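Architecture at a glance
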Number of protein chains: 2
Amino acid sequence: MNQNTTTFALKGDIVYAVDKDHIVTQKDGYLVCEKGKSAGVFKELPAKYSGIKVVDHTGRLIVPGMTDLHVHAPQYTYRGIGMDLELLEWLNTHTFPEEVKYENLAYAAKAYSYFTYDLQRCFTTRAVVFATVHTDSTIELMDQLEASGMITYVGKVNMDRNSVCNLEEKDAETSLRNTVEWLEKIEGRYRNTSPIITPRFIPSCTDELMSGLGALAAKKQLRIQSHLSENPSEIQWVRELVPASTSYANAYEMFGAMGSPDRPTIMAHCVYSGPEEMAIMQKYGTFIAHCPESNMNLTSGIAPVRKFLDAGMKVGLGSDVAAGSSMDMLKTMLCTLQASKMYFRLVDNNAKALTFEEVFYLATKGGGAYFGKVGSFEKGYDFDAVVLDDSLMVSMREVTVRERVERAVYNDADCIIMDKYVAGTQIWKKQCV
Amino acid sequence: MNQNTTTFALKGDIVYAVDKDHIVTQKDGYLVCEKGKSAGVFKELPAKYSGIKVVDHTGRLIVPGMTDLHVHAPQYTYRGIGMDLELLEWLNTHTFPEEVKYENLAYAAKAYSYFTYDLQRCFTTRAVVFATVHTDSTIELMDQLEASGMITYVGKVNMDRNSVCNLEEKDAETSLRNTVEWLEKIEGRYRNTSPIITPRFIPSCTDELMSGLGALAAKKQLRIQSHLSENPSEIQWVRELVPASTSYANAYEMFGAMGSPDRPTIMAHCVYSGPEEMAIMQKYGTFIAHCPESNMNLTSGIAPVRKFLDAGMKVGLGSDVAAGSSMDMLKTMLCTLQASKMYFRLVDNNAKALTFEEVFYLATKGGGAYFGKVGSFEKGYDFDAVVLDDSLMVSMREVTVRERVERAVYNDADCIIMDKYVAGTQIWKKQCV
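Residues numbered from 1 in each chain as written. Chains lettered and ligands numbered in written order. Predicted model: local features only at pLDDT ≥ 70, side-chain atom pairs only at ≥ 80, totals over all residues. Heavy atoms only, no water.

1. Some thoughts on the overall build of chain A
Let me state the cut-off plainly: Note on conventions: DSSP H or I runs of at least 4 residues are helices, E runs of at least 2 residues are strands, and numbering of each starts at the N terminus. Throughout, the radius of gyration refers to the C-alpha atoms, and the reference size of a globule is 2.2 Å times the residue count to the power 0.38. Relative accessible area decides the class of each residue, using a 1.4 Å probe on protein chains only: under 20% of the type maximum gives buried, over 50% gives exposed, and in between gives partly exposed. Note on contacts: a residue pair qualifies if any of its non-hydrogen atoms lie within 4.5 Å across the two residues. To measure how exposed things are, a 1.4 Å probe is used in the Shrake-Rupley method; for residues, cover is taken only from the protein chains shown. Charge assignment in this entry is limited to Lys and Arg as positive and Asp and Glu as negative, and neither His nor the chain termini are counted. Where a charge lies is defined by one atom per residue type: Lys uses NZ, Arg uses CZ, Asp uses CG and Glu uses CD.
On a plain count of helices and strands, chain A comes out with 13 helices and 19 strands. In terms of overall size, chain A behaves like a compact globule, its C-alpha atoms giving a radius of gyration of 21 Å where 433 residues would be expected to give roughly 22 Å. When the backbone C-alpha atoms are referred to their principal axes, chain A occupies close to 65 × 50 × 40 Å. Per-residue burial for chain A yields a buried fraction of 68% across its 433 residues. Look at the contacts in chain A between residues 6 or more apart in sequence, and 74% of them connect residues 24 or more apart. Roughly 14,300 Å² of accessible area belongs to chain A as shown, and the carbon and sulfur atoms make up 50% of that amount. Between the averaged position of the 45 positive side-chain charges in chain A and that of its 54 negative side-chain charges there is a distance of 6 Å.

2. Considerations on the pairing of strand β1 (residues 8-19) of chain A
All names here are of chain A. Where we set the bar: Being paired, for any two strands, means DSSP has found at least two bridges between them.
Where burial is concerned, most of β1 is hidden: ten out of the twelve residues are buried. Here β1 runs beside strand β4 (residues 53-64); their pairing, made up of six bridges, is parallel. In the strand pairing of β4, A9 is matched with V54. Where β1 meets strand β2 (residues 22-34), ten bridges bridge the pair, whose relative direction is antiparallel. Within the sheet, the bridge partner assigned to K11 lies in β2 and is Y30. What sits between the antiparallel neighbours β1 and β2 is a turn of two residues.

3. A short note on the relation of the copies chain A and chain B
Selection rule: Here the copies are matched by least squares. The fit uses the C-alpha atoms of residues with pLDDT of at least 70 in both.
When chain A is brought onto chain B, the operation consists of a screw motion whose angular component is 180 degrees and whose axial shift is 0.0 Å, with 0.0 Å RMSD remaining. The superposition of one copy onto the other is thereby described by a two-fold rotation axis. Within chain A, the C-alpha atom positioned nearest to the axis of rotation is that of A413 of chain A, 2.3 Å from it.

4. Considering helix α11 (residues 329-347) of chain B
Residues and elements named next belong to chain B. Using the following cut-off: Expected span of a helix: the number of residues minus one, times 1.5 Å. Side-chain atoms alone can form a polar contact between residues adjacent in sequence; in general such a contact is a pair of N or O atoms within 3.5 Å, and within protein one must be able to donate a hydrogen while the other accepts it.
Helix length check: α11, at 19 residues, gives a terminal C-alpha distance of 25 Å against a target of 27 Å (1.5 Å per residue), a fit within 8%. In terms of residue burial, α11 counts as a mostly covered element, since 17 of its 19 residues are buried. Capping of α11 at its N-terminal end is provided by D328; its side-chain oxygen lies 2.8 Å from the backbone amide nitrogen of L330.

5. Examining unusual backbone geometry
With an omega of 10 degrees, the peptide bond running from V321 of chain A to A322 of chain A counts as cis. Positive phi, close to 65 degrees, is recorded for N162 of chain B, a residue that is not glycine. Mapped onto the fold, N162 of chain B is located in the loop between β8 (157-158) and α4 (172-186). The class for N162 of chain B is partly exposed, based on a relative accessible area of 37%. Positive phi is not limited to glycine here, since H269 of chain B has a value of about 90 degrees. By secondary structure assignment, the location of H269 of chain B is in strand β14 (residues 266-269). Its relative accessible area of 0% is what places H269 of chain B among the buried residues.

6. Regarding the sheet that holds strand β11 (residues 225-228) of chain A
Residue and element names in this part refer to chain A. Here is the rule: Axis geometry follows a simple rule: fit a line to the C-alpha atoms, using only the stretch in contact for helices, then measure angles between N-to-C directions, giving values from 0 to 180 degrees.
The strand order across the open sheet built from four strands is β11-β14-β15-β16, with neighbouring strands paired in parallel fashion. Where the open sheet ends on each side, the last strands, each with one partner, are β11 and β16 (314-317). Averaged over all pairs of adjacent strands, the angle between strand axes in this sheet comes to 30 degrees, irrespective of strand direction. Two elements, strand β15 (residues 287-290) and β16, share four bridges in a ladder whose sense is parallel. Looking at β16, one finds that A289 is bridged to G316. Set on the sheet, helix α12 (residues 356-368) makes contact with β15 and β16; between it and β16 the angle comes to about 105 degrees.

The structure is reproduced here in structure tokens:
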């Protein structure tokens, strides 16, 4: 897992987004890595690179590493279970009783090893992760993710009300103190793993805690992640809990917990975010983590992504495991397409369905922007790359590289990840049997 | 592929539906096969079976083979491509130009071998299949399916108007004559492969052809399959093509093409079937092939399955490849769940989302009923069984057999099919590397 300082190239069928409407492909081309960054994509290897190591993936797809803007690590091991429930009932029945177990460090270490291993072997190269309220097990998760070579933000969760099973912290003061201790313990510890302030959502955080976290984030110049407007019952509850707020987003804003454009907050879901919430998010430069599979599985609804894009808002995709069933970003992309088609058909005929190009962009460059120049192969972008064997899907005609990527998204189960790089370092390689 | 006349048992974690609200499980139990039929599920092997061969799948899931009520074999090799289009545009751009190639028998033989191979290694044990208008290549497909050991209905498609690329047959008379010739050529040829009369849909069939096919089906006591009320533009077109009809289903009825309860017709989609169409289908004992992934992918909409079930109608699931992207019935089940949740949330709050139990039933016993006593492990049911290794999905707690099946549906990519039987005959076994 040493940083790769050498210059090398991957040879294969290369594909990446330049903007939300354009996918660029290079069949049988070269993707060059210099000092962890893309030096560009070439049809022939330029003379200046003659003699560099070329990893031959001829016939395979080479796509940018993907960004999962919203995933709950402690929920991973019960994914796909109890999905007939809606959000608040599901949290009380499945989530909180599981998360309380992470007080036990040995339990957390084992469970997080399953999460980390599977994250390493999927399309994700960057992730923004919820842990639990527990400091030590959150550090354990961060240690494991650091060792994996992936680049992540990880949040110790804050909760001081309305959980079950004694999961919440005693009070706002305790929760804030725990958070400061956590930050002190990890200071200088990681190269690729950053802390992120993580109030679970308004129902789990008293006004005092939420204000304290907003102030702490500002003081330490840390980013914030949370949930916004996911489910009708949840939204109604927030209205009761913060009666002075004009919207759920405004409740965060009242407590100074919306971050700022230079340290943008991630808000997961935004299924029911109308004009007011959109304006608030634009003001603070918020990234929306669109989690369509979760939103379908928990019967939450469908977020109006077309409207977010038309308004020029920042959007990426989230698997939201375990309300989303898998960390496979291809599956998340497919759900994004399907959800936007159903939004157009069933909710608003003026909200054109997302194109494949747009969804590919969201999964790569859109979410990647949260990490900087990430999610594309344009020159200067971090060299995050995944090599994909799609040869199980036989065709009777010549299929373009663009078509093969679409086919892979619609048939994720038949795609095999062969090789994976983060910022120029190989972090996964399929072992041949 | 000889018929298995021996008595044997599979040992493992067994699961099946008895009705749409109840899944029965037997952890570490025995599923006994006698003369191709289930002799029941047992906690301990009864004394009368002592000494029979027991195939040890301890720790693996054993589920009933699934029925795919609607799949287009010639579309398989371009699945997952061009999915930003809606139905009629997609047919003209992708489907018809491909299907016309099946006039070439060598082409068809190769393409159908890909289809048949993949059908053999998925959860499906029974399928109802569209071929193309071409007689010889349809027979080629039937030969391949017969050799596979699966049990299927296959239809030579009828079309005498409105296709592109010269795909349609010359006129109604030609189409009918071709169909009779096809039936004569295959008479007595197969044990497991049955012909089914297959008018593509109203837009592809003149009134004369549709009437002729209805009469032919009645005369030969054959079943019929077609498409119904899939897409708003299609429905509008049918209204123009058959101005005397009161609904799309009524148009089929006018031409005597709705079959009868003793030889039930399959109608795929029924996305926009209201009370009149439901009444017509009930009168004729129609099976609805619910194809939710297709309906999302082509922006068609969501069929009101809850209403169909409440009315006591016959419903099964269809992958509808290539508008559906894969023949994996677990994926179809997941889309069924997600679609019904979105229908509840976005269309009709009185149409309760389908439960996991209901969807499991639809994929197994619901669709299986089209073939008789198929899709369950109750005594006397045909022994269609699939053995599933789900050990890639590690959990931190004891997971029940019921929970593991749900988890498999939500994580199809991590499930490995180990063994597959149709009517007591093993037709697939994973080769260990």
